[in-house]
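# Remarks on the overall topology
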Amino acid sequence: MQRIMVEKFFSSLDSDSSQPLDKIKGILHKRYVKEIELGHIQYDPAQEVLLKLLQEHLEDIFLYAQEDRKKGWRELFFPETKNCKSLYIYGGVGCGKSMLMDLFFEACPIQQKKRINFHGFMQEVHQFNHRWRKKNDGSPIPELAK
């Protein structure tokens with residue numbers, strides 16, 4: 001199971017709001033349109049497709065957190081049986097991958113989160129494997145996955 005802290009996010013919501021999901025519905029699109037209006041970026045239909053997928057993922061995370069909050073939990077648990085969505089974002093240099101991930105990262109309700117690109121991620125994986133093999137026998141992959 002993956003454990004994610006969400007307490008700080010919920011404490012920032014209005015306590016009298018019966019539908020706090022409304023606070024993030026369409027938030028990525030709104031921020032994207034604002035960047036276009038400010039002239040910071042140009043509209044790209046491929047970006048909008050990815051933005052919709054990221055918005056769905058953001059809302060799923062929020063709903064899990066909301067359900068756990070109702071139960072009085074201080075942490076969010078994604079059950080292993082959940083059909084977990086993931087996205088592999090790829091494209092040429094300058095097509096907006098990082099910009100869209102930054103929008104998602106800023107809007108994501110998870111308190112303990114990390115924004116990293118693929119190159120940095122792979123460096124961390126190799127460093128972990130190297131440290132593991134100095135102290136242990138066998139494959140480092142199961143421990144890395146934890």
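Heads up: the structure comes first, above all this text.
Residues numbered from 1 in each chain as written. Predicted model: local features only at pLDDT ≥ 70, side-chain atom pairs only at ≥ 80, totals over all residues. Heavy atoms only, no water.

### Some points on the overall build of the protein chain
We apply this condition: Every helix listed is a DSSP run of H or I at least four residues long, and every strand listed is a run of E at least two residues long, numbered separately from the N terminus. Partly exposed describes any residue whose relative accessible area lies between the buried limit of under 20% and the exposed limit of over 50%, with all areas from a 1.4 Å probe on protein chains only and scaled to the type maximum. Working rule for contacts: check all heavy atoms of both residues, and any pair within 4.5 Å makes them a contact. Only the protein chains shown count as covering a residue, and every accessible area follows the Shrake-Rupley method with a 1.4 Å probe.
In terms of regular secondary structure, the protein chain is built from 6 helices and 2 strands. The order of α-helices and β-strands along the protein chain, N terminus first, is β-α-α-α-β-α-α-α. Residues counted as buried form 29% of the 146 residues belonging to the protein chain. Restricting the contact set of the protein chain to residue pairs at least 6 apart, pairs at least 24 apart contribute 64%. Looking at the protein chain as shown, the accessible area adds up to about 10700 Å², and 52% of this sits on carbon and sulfur atoms.

### Section: the side chain of Gln47
Under the convention used in this document: As used in this structure description, the phrase polar contact means that two N or O atoms lie within 3.5 Å; if the pair is within protein, one of them must be able to donate a hydrogen and the other to accept it, and residues adjacent in sequence are counted only when both atoms belong to side chains.
Mapped onto the secondary structure, Gln47 falls in helix H3 (residues 45-70). Under the relative-accessibility criterion, Gln47 is labelled buried at 9%. A distance of 2.7 Å separates the side chain of Gln47 from the side chain of Tyr32, its partner in a polar contact. Among residues more than four places away in sequence, those in contact with Gln47 are Tyr32, Gln42, Cys95, Gly96, Met99 and Leu100.

### Quick word on the pattern of salt bridges
Where charged atoms of side chains with opposite charge meet at close range, the side chains can pair. The line we're drawing: In what follows, salt bridge is the name for a side-chain nitrogen of Lys or Arg lying within 4 Å of a carboxyl oxygen of Asp or Glu.
Tallied over the entire structure, the rule returns 4 salt bridges. When the shortest N-O distance is used, the salt bridge between Lys25 and Glu59 registers 3.4 Å. Residue Lys25 is located in the loop between helix H1 (7-11) and helix H2 (27-37), and its partner Glu59 is located in helix H3; the two are separated by 34 residues in the primary sequence. We note a salt bridge from Lys114 to Glu124, for which the minimum N-O separation is 2.5 Å. Taken together, the residues Lys114 in the loop between helix H4 (97-107) and helix H5 (118-135) and Glu124 in helix H5 connect sequence positions 10 residues apart. Owing to a relative accessible area of 56%, Lys114 belongs among the exposed residues under this scheme. Residue classification places Glu124 among the partly exposed positions, given a relative accessible area of 34%.

### Looking at H4
Stated precisely, the cut-off is as follows: What the arc covers is the set of directions going from the helix axis to the C-beta atoms.
By the burial criterion, the buried members of H4 are Leu100, Leu103, Phe104 and Ala107. The arc that holds the buried residues of H4, viewed along the axis, is 95 degrees, so those residues lie on one side.

### Regarding the packing of aromatic side chains
As a reminder, the rule being used: Only Phe, Tyr and Trp rings take part, Trp by its six-membered ring, and two of them pair if their centres are within 6.5 Å. Stacked means planes under 30 degrees apart, edge-to-face means over 60, and tilted covers everything else. We call a charge positioned above a ring when the Lys NZ or Arg CZ atom is no farther than 6 Å from the ring centre and deviates by at most 35 degrees from the ring normal.
Counted under the stated rule, the structure contains 3 aromatic pairs. In this arrangement the basic side chain of Lys113 is found over the ring face of Phe105, its NZ or CZ atom lying 4.6 Å from the centre.

### A closer look at the nonpolar core
Where we set the bar: Definition used in this section: a nonpolar core is a set of buried Ala, Val, Leu, Ile, Met, Phe, Trp, Tyr and Cys residues joined via side-chain atoms within 4.5 Å.
By size, the foremost hydrophobic cluster in this structure holds 18 residues, and its most contacted members are Leu28, Leu58 and Leu100. When contributions to this core are tallied by element, the ones reaching two or more residues are H2, H3 and H4. The element that contributes the greatest number of residues to this core is H3, accounting for 6 residues. Residues contacting Leu28, with those up to four places away along its chain left out, are Leu51, Leu54, Gln55, Leu58, Leu103, Phe104 and Ala107.

### Regarding the side chain of Gln55
Residue placement: Gln55 occurs in helix H3. Judged by its relative accessible area of 10%, Gln55 is buried. Among the polar contacts made by the side chain of Gln55, one reaches the main-chain amide nitrogen of Ile27 at a distance of 3.5 Å. In this view, Gln55 contacts Ile24, Lys25, Gly26, Ile27 and Leu28; residues no more than four positions away in its chain are not counted.

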